[in-house]
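# A look at the structure
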Amino acid sequence: MAANLEALKHISKDSGFPITIHPHFSPKIRDHVPPDPIREEIFPEKDRASFADPEKKALFAVAKAVDLTESIGTLLENVQLSQLTPQQLDELALLVNERGVVFFRNQDLTTDQQVKLFEHYGTLDRHPAQKDVRHVVIRGSREDHREIGKYTPWPSGEWHADTSFEINPPSYSLLRMEEHPPVGGDTAWVSGYGLYDTLSDAMKRFVEGLHAVHTSRLQYDTILDLWGVGPNRPPIDSHHPAVRTHPVTGLKALNVNTGFVTGFAELKKLESDKLLDFFSHHLHSADDHSVRWKWEVGSVAMWDNRCVLHRVIPGSYEAPRRGIRTTVFGEKPYYDPASEGRAERERRLKQAAATEQPQETNVKEKLIETPA
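Predicted model only: the values in this text are computed from it and were never measured. Sequence order sets the numbering: in each chain, residues are counted from 1 along the sequence as written. Only residues with pLDDT of 70 or above have their local features reported here, since the model is predicted, and side-chain atom pairs are shown and tallied only from 80 upward, although totals for entire chains, interfaces and linings are computed over all residues. Calculated side-chain values reflect all of the structure's heavy atoms, with hydrogen atoms and water omitted.

## Section: the overall build of the protein
Inclusion rule: Each helix corresponds to a stretch of at least 4 residues labelled H or I by DSSP, and each strand to a stretch of at least 2 residues labelled E; elements are numbered beginning at the N terminus. Each radius of gyration reported is based on C-alpha atoms, and the globular scaling rule is 2.2 Å times the count of residues to the power 0.38. To sort residues, take the accessible area from a 1.4 Å probe on protein chains only and compare it with the maximum for the residue type: under 20% means buried, over 50% means exposed, and anything in between is partly exposed. Only heavy atoms matter for contacts: two residues are in contact if any of them lie within 4.5 Å across the pair. Only the protein chains shown count as covering a residue, and every accessible area follows the Shrake-Rupley method with a 1.4 Å probe. Positive charges come from Lys and Arg alone, negative charges from Asp and Glu alone, with His and the N- and C-terminal ends not counted. A single reference atom marks each charge: NZ on Lys, CZ on Arg, CG on Asp, CD on Glu.
Tallying secondary structure elements over the protein gives 10 helices and 15 strands in all. For 372 residues, the compact-globule formula gives about 21 Å, and the C-alpha radius of gyration of the protein, at 23 Å, lands near that figure. Dimensions along the principal axes, computed over C-alpha positions, put the protein at roughly 100 × 50 × 40 Å. Out of the 372 residues in the protein, the part that is buried amounts to 50%. In the protein, of all internal contacts separated by at least 6 residues, the share reaching a separation of at least 24 is 83%. Roughly 18100 Å² of accessible area belongs to the protein as shown, and the carbon and sulfur atoms make up 54% of that amount. Side chains of the protein carry 45 positive and 54 negative charges; the gap between the two charge centres is 2 Å.

Here it is as structure tokens:
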């Protein structure tokens, strides 16, 4: 178990196990003064995907797209991110909006190039534990999350969108792996579009009327106690729509995760708890809307936090795991009642196509039957 945990210094004489210490009585947590204030809302520039060619002709002229599942995840082959033009980067963003996460292998990006590339998409965000203003270092997860959850409050092995508790949560994230074990340390993503679509119509209507309480309070304590790092900002609660509308695709995505959401503003405590129990099952059983990525040195993943959740798969590997992650600010989440689900749109377009097809056939038949 992680040696940093304050609970390890307080062992029960009766059970021989650590005793959980209230944060107010843990000096590491109690005495920390964050150097930065809580953020105010910002208004990012228009999403670069909005300027993309819907057919992505420039991107697909230099890259081969391989969909990894029906619902989520595309691998782009035979291309270097470092060589993409601004137009191709815009089309990449649109592909990420649609497929949730896009993968690359054997990339030659340096950290400086990665930072410059991601500045194309907006203003770089900064994780509360991030000390470098440009990027955050992502390491392995070799802790037993089932055990340490008894002693530190944040469920670090759970599904989450990056810092979803912020007033302006990130839109895009990009992780490039510099060191990685040959086995272990995978990351999984699940589609927010798919999570919404697979709810019953009655549940959709219910959840669309709720605000999820996204909090950094639990991670704040864990950053100090488990990671041994001082968070840059005070903890914050944000009430975001439980179903959000994607600003580019116009699709509805479930905006509830088990890493940062602690309840629903409109519900009472026990009601929230039971609904969160359901969503925990819903997320962890969504294999038909998830993808699992096996990392290698030089691998890259770019994802859209507005329509996917992710989690690292814990392991017991010994080799180092080190990745560089950059993120950019997104818009404040919103819900548009006029937006539609992905499955709903697919059905609508299919019905429209079926309605048009017979009309075209009838015209051809009439032309054939017309005497010369």
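## Section: the pairing of strand β2 (residues 74-77)
Note the following rule: A pair of strands is considered paired only if DSSP assigns at least 2 bridges between the two.
In the sheet, strand β1 (residues 64-67) pairs with β2 via 4 bridges, with the strands oriented antiparallel. Within the sheet, the bridge partner assigned to D67 lies in β2 and is T74. As consecutive antiparallel partners, β1 and β2 are separated by 6 residues, and within that stretch G73 has a phi angle of approximately 95 degrees, a positive value. In the sheet, β2 pairs with strand β3 (residues 101-104) via 2 bridges, with the strands oriented parallel. Note that in β3 the partner of T74 across the bridge is V102.

## What to know about the pattern of salt bridges
Formally: The term salt bridge refers to a pairing of a side-chain nitrogen on Lys or Arg with a carboxyl oxygen on Asp or Glu at a separation within 4 Å.
Under the criterion given, the structure shown has 29 salt bridges. The partner of R292 in a salt bridge is D186, with the nearest N and O atoms 3.0 Å apart. Note that R292 is positioned in strand β12 (residues 290-293) and D186 in the loop between β5 (170-179) and β6 (187-191), a separation of 106 residues in sequence. Judged by its relative accessible area of 54%, R292 is exposed.

## Considering the sheet that holds β12
We count it as follows: Every angle, taken between N-to-C directions, lies between 0 and 180 degrees, and every axis is a line fitted to C-alpha atoms, over only the stretch in contact when it is a helix.
The strand order across the open sheet built from 3 strands is β12-β6-β14, with neighbouring strands paired in antiparallel fashion. The sheet is open, and its two edges are formed by β12 and β14 (308-312), each paired on a single side. The sheet shows a mean angle of 20 degrees between the axes of neighbouring strands, taken without regard to direction. Here β6 runs beside β12; their pairing, made up of 4 bridges, is antiparallel. Within β12, the residue paired with W189 across the bridge is V291.

## Focus: helix α3 (residues 86-99)
Owing to its 3.6 residues per turn, the α-helix aligns residues three or four sequence positions apart on the same side. Under the convention used in this document: Expected span of a helix: the number of residues minus one, times 1.5 Å.
A rise of 1.5 Å per residue sets the reference length of α3, with its 14 residues, at 20 Å; its end C-alpha atoms lie 20 Å apart and thus fit the reference within 8%. Across the 14 residues of α3, 11 count as buried, placing the element largely inside the fold. Within α3, burial applies to Q88, L89, D90, E91, L92, A93, L94, L95, V96, N97 and R99.

Geometry only, nothing functional implied.
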